[in-house]
Amino acid sequence: MKKLYRYLINYIFVCIVAFTFVYMLNNGKLMLLWNSFQSKTTNLKDTLRGSGHAGVFNVTIPHIEFTTSIPTKGERQDTKTNGGINLPATITGNNNSQTSKDGYDTVENTENVKPSVTKEERHLPKSGSGKTLYLFPIQYYVGGPNHLYVTFMFTVRMALYLNRTLVEIPFKIHGTAFGHQTALTDKGVRNCNGTFDIPLLNNIVDTITLEDFKEQCHNKVDAVLLARPDYISQTPMYGHHRNGFQELFGIHLPDFNTQSNSFSYGNGVGQQFEKVKCLGVYDGNFFRGNREINTDVIKSKVYTYLQRAEFIRNTARDIMQIVCKKKPYVAIHWRNQTGELSLRGNVGEEKARKLAKENKNAEDTVTDILALMKDHKLSCLYVAYPPLSKAYFSIISKSNLPLLFNKNSLNIAIKQNLPQETDKVFRDPYMMSLLEQEICYESDIFIYRPKVSKWSSFVVQYRQSLGRYCLAFEDLPSWKPLEDIQSKRP
């Protein structure tokens with residue numbers, strides 16, 4: 001009799017194991033665990049915790065109704081003192097403009113910008129020449145791609161204002177992707193139409209490919225618009241870019257000298273060159289203060305129609321529906337510049353102290369983020385960060401959130417749930433960064449580090465233009481100024 005009982009128990013145990021194995025195999029979880037084991041990360045929280053459902057969801061993420069009010073700038077300190085986080089009754093973007101010392105990381109105040117309308121409703125100056133006029137963005141290829149996106153955005157505004165056809169200029173990848181030496185080589189650039197949705201942009205601005213522009217303009221730019229006269233004369237960068245554009249794109253730019261008639265700057269954008277067929281604009285980012293191209297009408301149109309490529313938008317929507325189980329989610333972008341310098345080998349006692357303080361703030365604010373999510377019944381969190389700031393994910397992983405994701409777990413989800421072609425595309429760090437930006441852009445709440453990242457700034461100003469709420473880490477109750485944090489000797 002005992003042998004029979006033992007046999008039955010063993011039989012039941014084998015059946016349970018077999019059933020579990022078949023269930024995990026059918027739902028993709030067995031492969032998921034194996035991929036997780038093979039992953040470079042050692043933390044299991046870094047892996048996908050989703051349901052493993054196959055297929056693509058086309059369900060719009062429901063918008064959250066918040067019950068508390070938006071803190072004004074004057075109320076922020078009181079909010080932190082009281083230990084609470086005020087969020088809007090409906091998500092709106094009333095955050096104040098964030099400006100860095102050099103002006104590059106400025107987040108425009110876009111709260112009064114309304115959604116755009118149609119191309120036929122443009123009331124903008126016309127060239128009156130009856131011929132197609134072109135505008136060539138001379139991108140300032142220094143820094144990461146997000147500086148180029150902002151530059152391109154201002155150049156789109158200029159093309160809209162001047163009623164010129166915009167050239168689809170390629171974008172440079174980030175230097176950390178394949179090494180800084182690829183910055184101005186054919187391996188180091190990505191196409192404009194793979195970055196932004198050109199058919200959508202064509203609702204307000206006509207565009208032309210680089211090759212067609214070269215044919216129409218005989219491989220050269222006839223004149224260049226500058227934001228200010230000293231921008232070229234006091235730096236050798238234009239000369240470097242002139243050589244680079246010649247070598248990489250086969251485009252000849254005018255040689256600069258103080259007496260040249262091929263350069264124009266000051267008010268009255270483009271008036272001097274209104275009949276020039278092939279006009280360039282050098283680093284459109286520095287035209288951010290120009291009132292002519294930055295009217296509310298123009299800004300609203302560009303924010304509406306300059307969107308990431310449709311393929312990226314669809315992938316972000318579909319994959320977040322899968323991993324977050326069709327629930328709304330919070331997105332974070334963390335960047336620690338001190339940590340990046342340290343990991344590059346630029347370590348000193350002072351930097352080590354600052355890094356310890358940054359990490360202390362990161363640890364303390366996890367409690368705030370969890371409280372925020374609990375209060376508003378949010379269970380899914382996506383964390384984006386540059387490669388050299390990956391330590392933050394280890395910190396927040398200690399929270400044991402059941403739905404916690406980063407780009408590593410996102411790659412697994414894409415491979416398991418989306419077509420193979422999609423998986424191949426997002427193995428490219430450039431494309432993955434665009435996908436993460438779109439995920440942050442579409443999130444219900446976006447938490448970011450102001451003034452330290454153009455990546456975040458680009459997301460914030462777009463979200464604010466649509467009234468989507470953004471919350472700075474520095475506004476979390478547990479965040480402290482670095483000078484107020486006691487640190488041990490490194």
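Please refer to the structure higher up on the page.
Residue indices begin from 1 for each chain and proceed along its sequence in written order. Since the coordinates come from a predicted model, pLDDT governs what is reported: local features require at least 70, and pairs of side-chain atoms require 80 or more to be given and counted, while whole-chain, interface and lining totals use all residues. Only hydrogens and water are removed before side-chain values are computed, so all heavy atoms of the structure are retained for them.

Undergrad: How would you sum up the pairing of strand β2 (residues 165–168)? Please name residues and give values.
TA: The cut-offs for exposure are 20% and 50% of the maximum accessible area for each residue type, with area from a 1.4 Å probe on protein chains only; residues under the lower value are buried, those over the upper are exposed, and the others partly exposed. A helix here means a DSSP run of H or I that spans at least four residues, while a strand means a run of E at least two residues long, and both kinds are numbered starting from the N terminus. Side chains T165 and V167 project from β2 onto one buried face, and the interleaved L166 and E168 project onto a second face that is buried too. When DSSP finds two or more bridges between two strands, those strands count as paired. One ladder, built from two bridges, connects strand β1 (residues 134–138) with β2; its direction is parallel. Paired with L135 across the bridge in β2 is L166. One ladder, built from three bridges, connects β2 with strand β5 (residues 207–209); its direction is parallel. Each bridged residue has a counterpart across the sheet, and for L166 the counterpart in β5 is T207.

Undergrad: Just give me the short version of unusual backbone geometry, but keep the residues and values in it.
TA: Look at N219: it is not a glycine, yet its phi comes out positive at around 65°. Its location among the elements puts N219 in the loop between α7 (210–217) and β6 (223–225). The class of N219 is partly exposed, set by a relative accessible area of 36%. We note that K326 has phi near 65°; this positive angle belongs to a residue other than glycine. In this fold, K326 is placed in the loop between α11 (310–323) and β9 (329–333). Since its relative accessible area comes to 40%, K326 is described here as partly exposed.

Undergrad: Tell me about the sheet that holds strand β10 (residues 380–384), and name the residues and values.
TA: For sheets, the rule is that strands pair by backbone hydrogen bonds, running either parallel or antiparallel. Taken together, the five strands give an open sheet; going across it, the order is β11-β10-β9-β12-β13, and neighbouring strands pair in parallel fashion. Each of the sheet's edge strands pairs with one partner strand only, and the pair in question is β11 (403–405) and β13 (470–472). On average, adjacent strands in this sheet sit at an angle of 20° to one another, irrespective of strand direction. Looking at chain direction, strand β12 (residues 445–448) and β13 are connected through three bridges and run parallel. When the sheet's bridge partners are listed, F446 is paired in β13 with C470. Lines fitted to C-alpha atoms define the axes, with helix axes restricted to the stretch in contact, and inter-axis angles between N-to-C directions lie between 0 and 180 degrees.

Undergrad: Mind laying out the nonpolar core, listing which residues take part and the relevant values?
TA: Buried Ala, Val, Leu, Ile, Met, Phe, Trp, Tyr and Cys residues form a nonpolar core when they are joined through side-chain atoms within 4.5 Å. Core analysis: the biggest nonpolar cluster contains 96 residues, and F136 and F213 have the highest contact counts within it. Examining the composition of this core, we find that 12 residues originate from one element, helix α4 (residues 145–162), more than from any other. Any two residues whose heavy atoms approach within 4.5 Å are treated as being in contact. When residues no more than four places from it in sequence are discounted, the contact partners of F136 are V167, I169, L210, F213, V221, F245, I251, L279, G280 and V281. Counting 25 residues, the second largest nonpolar core, distinct from the first, contains A362, Y385, Y392 and F473.

Taken by themselves, the reported measurements are silent on function.
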